[in-house]
Amino acid sequence: MGRLSVMAYTFGALFFVVSCSFSIFYGVKVVTHDLPSEKKAQEKYNYHFVLVPEELDNEYWRLVEKGAKAAAKDYGVMLEYVGPKQSNIDDHLKAIEMSAASKVDGIMTQGLSDEQFTPLINRVIEKGIPVITVDTDASNSKRMAYIGTDNYYSGYLAGKALIADTKGKANVAIITGSFYKNHQIQRVKGFEDAVKAESGIQIIDVQESDISRVQAAEKAYQILQEHPEVNAFYGTSALDGIGIAQVVQKYKNNGNIYIMAFDTLPETLTYIQKGIINATVVQEPYEMGYEAVIMMIDIIEGKKVPSIIHTNTKILKVGDLPPSHPDRMEARY
Ligand code: BGC
C-alpha cells in the first residue's frame, strides 16, 4: 500500500469512528432526552380536561374559558377549549365526540337539547369519561353534575323586573337565542310565567337570533316595523340585548322603548350607561368555568359533589354600575 492509500484508509477509519460516536451520542441523547420530557409533560399535568362551548369566540364563553383556565393553572390541569367557531349543534356534538375518542379525563359542556345531547353524554359517561354540564343542563342525562345559572329562575327574575320597571304596562317582544335549546327555552318560560298574571303585559312576538348579534338586530328591526305597538324587548342570550340596543339607538331613540338584556358584556354595560338598555340579567361565566374544573377534579378523585350548583343571578341596572366604570367617567365630563 502506498503512503497515500494508508493515509486515506486511516482518515476513512477515523471518520467512520467519529461519525459512529456522534450517532450513538445523539441517539442516546434523543432517547434519554425525549423520555424524561414526555414524562415531565405527564407529571406537569394531573389531568387533561376539555371545555366545549356553544361558540368559541363568543365573549361570554371566553369568560367561561378564562375561569376554567385559571382553575386549570391553579390545580395542574391541562385544559383544552374546542368547539364550533359559530354556534352549530353538529360541530358541537362532534367536538364532544372527538374529545371522548381522544380519551381525555373529563369533558365540560352544555346540554343544549335532550334529543341530541342526552344520548351522547350518556355514551361518553358509559365509556368512563365524566361529563359536567356548564351553563345549560341536560338534566335527564347521566351527566355527573351541572354548574350554571338556574335558567328558568333567571327568566322569571327578568319578567318580575320588567313588570316593576314598566309599572305593569308593556307590549313586549322577545328575542331568544334559539327556540330549541334548553337554556333559551327556560329563560323564555320563566319570563312568560312571571308576567302571565299581569293583564297590562302582553307578549306580542317571539323571534330567534341563533345567538348572533346581527340576527338579533335584524329581528328587532323587523319587529318594530311589523308591530309598532311594541315598547319593550327582552333578549335572552348575551348578544341579543346588544343587537336590539343597536337598532333602538338608531331608529327609536326616544326613551320609550324598554330593554331587558342578558349578561354583562362590556357593550351591554355601555348601553346601560347610555340608558338604551334598562336592565340586564347577571350570570357568572368566570365562576362557572373555575368551579367546573374543581368539580371535575373532585369527581375523578372520588369526592362527593352536589349534582346541581346554581351560580348567582340577579338584575343589574345603571345605579348598580360602579362609579369608576369608564363610560360613567366619560358621562361626567
Ligand atoms: C348564554 C350562553 C350563550 C350566550 C350566547 C349566554 O347568555 O348563557 O349559553 O352561548 O349567551 O351569546
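Residues numbered from 1 in each chain as written. Predicted model: local features only at pLDDT ≥ 70, side-chain atom pairs only at ≥ 80, totals over all residues. Heavy atoms only, no water.

With 14 residues, helix α6 (residues 182–195) extends 20 Å from end C-alpha to end C-alpha; this agrees with the ideal 20 Å at 1.5 Å per step. Counting buried residues in α6 gives 10 out of 14 residues, a clear majority hidden from the surface. Where α6 is concerned, the buried positions are N182, H183, Q184, R187, V188, G190, F191, D193, A194 and V195. Contact partners of the buried residues in α6: α4 (114–126), α5 (151–165), β6 (170–176), β7 (201–208), β8 (232–235) and β9 (258–262). (Helix = DSSP H or I, 4+ residues; strand = E, 2+ residues; numbered from the N terminus. Expected span 1.5 Å × (residues − 1). Buried < 20%, exposed > 50% of the residue type's maximum accessible area, 1.4 Å probe, protein only. Contact = heavy atoms within 4.5 Å.)

What follows covers the sheet that holds strand β11 (residues 308–310). Here 6 strands make up an open sheet; going across it, the order is β2-β1-β3-β4-β5-β11 and the pairing parallel. Edge positions in the sheet fall to β2 (77–81) and β11, since each has one partner strand and no second. Across the sheet, the axes of successive neighbouring strands diverge by a mean angle of 20°, strand direction being ignored. Pairing between strand β1 (residues 47–52) and strand β3 (residues 106–109): 4 bridges, direction parallel. From the neighbouring strand, V52 faces β3, where its bridge partner is T109. (Pairing = 2+ DSSP bridges. Axes fitted to C-alpha atoms, helices over the stretch in contact; angles between N-to-C directions.)

Before going further, it helps to spend a moment on the sheet that holds β6. Sheet architecture is open: 6 strands sit in the order β7-β6-β8-β9-β10-β12, paired in mixed fashion. The open sheet is flanked by β7 and β12 (314–317), the only strands paired with a single partner. Each neighbouring strand pair of the sheet contributes to a mean axis angle of 20°, computed without reference to strand direction. Inspection of the sheet shows β6 paired to β8 by 4 bridges, in the parallel sense. Residue pairing for β8: A173 is matched across the bridge by F233. Of the strands in this sheet, β6, β8 and β9 touch helix α8 (residues 240–251), which is tilted by about 150° from β8. Contacts between helix α9 (residues 266–274) and the sheet are confined to β9, β10 (279–282) and β12, with β12 contributing the most and set at about 55° to the helix.

What follows concerns the packing of α8 against α9. One can describe the packing of α8 onto α9 by two numbers: an axis separation of 10 Å at closest approach and a directional angle of 35°. The interaxial crossing formed by α8 with α9 has left-handed handedness. Mapping the contact onto sequence places I242, A245, Q246 and Q249 in α8 and E267, T268, Y271 and K274 in α9. Among the residues forming the contact of α8 with α9, the class breakdown is 3 nonpolar, 3 polar and 2 charged. (Left-handed = near helix turned anticlockwise from the far one by under 90°. Nonpolar A, V, L, I, M, F, W, Y, C, P; charged D, E, K, R; others polar.)

Moving on, we get to the pattern of salt bridges. Per the stated rule, a full pass over the model turns up 15 salt bridges. Between R213 and E267 there is a salt bridge, with its nearest N and O atoms 2.6 Å apart. Of this pair, R213 sits in helix α7 (residues 213–226) while E267 sits in helix α9, placing them 54 residues apart in sequence. Its relative accessible area of 22% is what places R213 among the partly exposed residues. In this structure, D298 engages K303 in a salt bridge whose closest nitrogen and oxygen atoms are separated by 3.6 Å. Exposure remark for K303: the relative accessible area of 47% places this residue in the partly exposed category. Among the charged side chains, a salt-bridge network with shared partners connects D57, R62, E65, K69 and K85. (Salt bridge = Lys/Arg side-chain N within 4 Å of Asp/Glu carboxyl O.)

Turning to the packing of α5 against α6, a few remarks are in order. Viewed as axis vectors pointing N to C, α5 and α6 meet at an angle of 40°, and their least axial separation amounts to 6 Å. Judged by the inter-axis angle, α5 sits oblique to α6. The element α5 and its partner α6 pack so that their crossing is right-handed. The residues of α6 that touch α5, namely those facing N151, Y152, S154, G155, Y156, A158, G159, K160, L162 and I163, are H183, Q186, R187, K189, G190, F191, D193, A194 and V195. When the residues that make up the contact of α5 with α6 are grouped by side-chain class, the tally is 8 nonpolar, 7 polar and 4 charged. (Parallel < 35°, antiparallel > 145°, perpendicular 65-115°, else oblique.)

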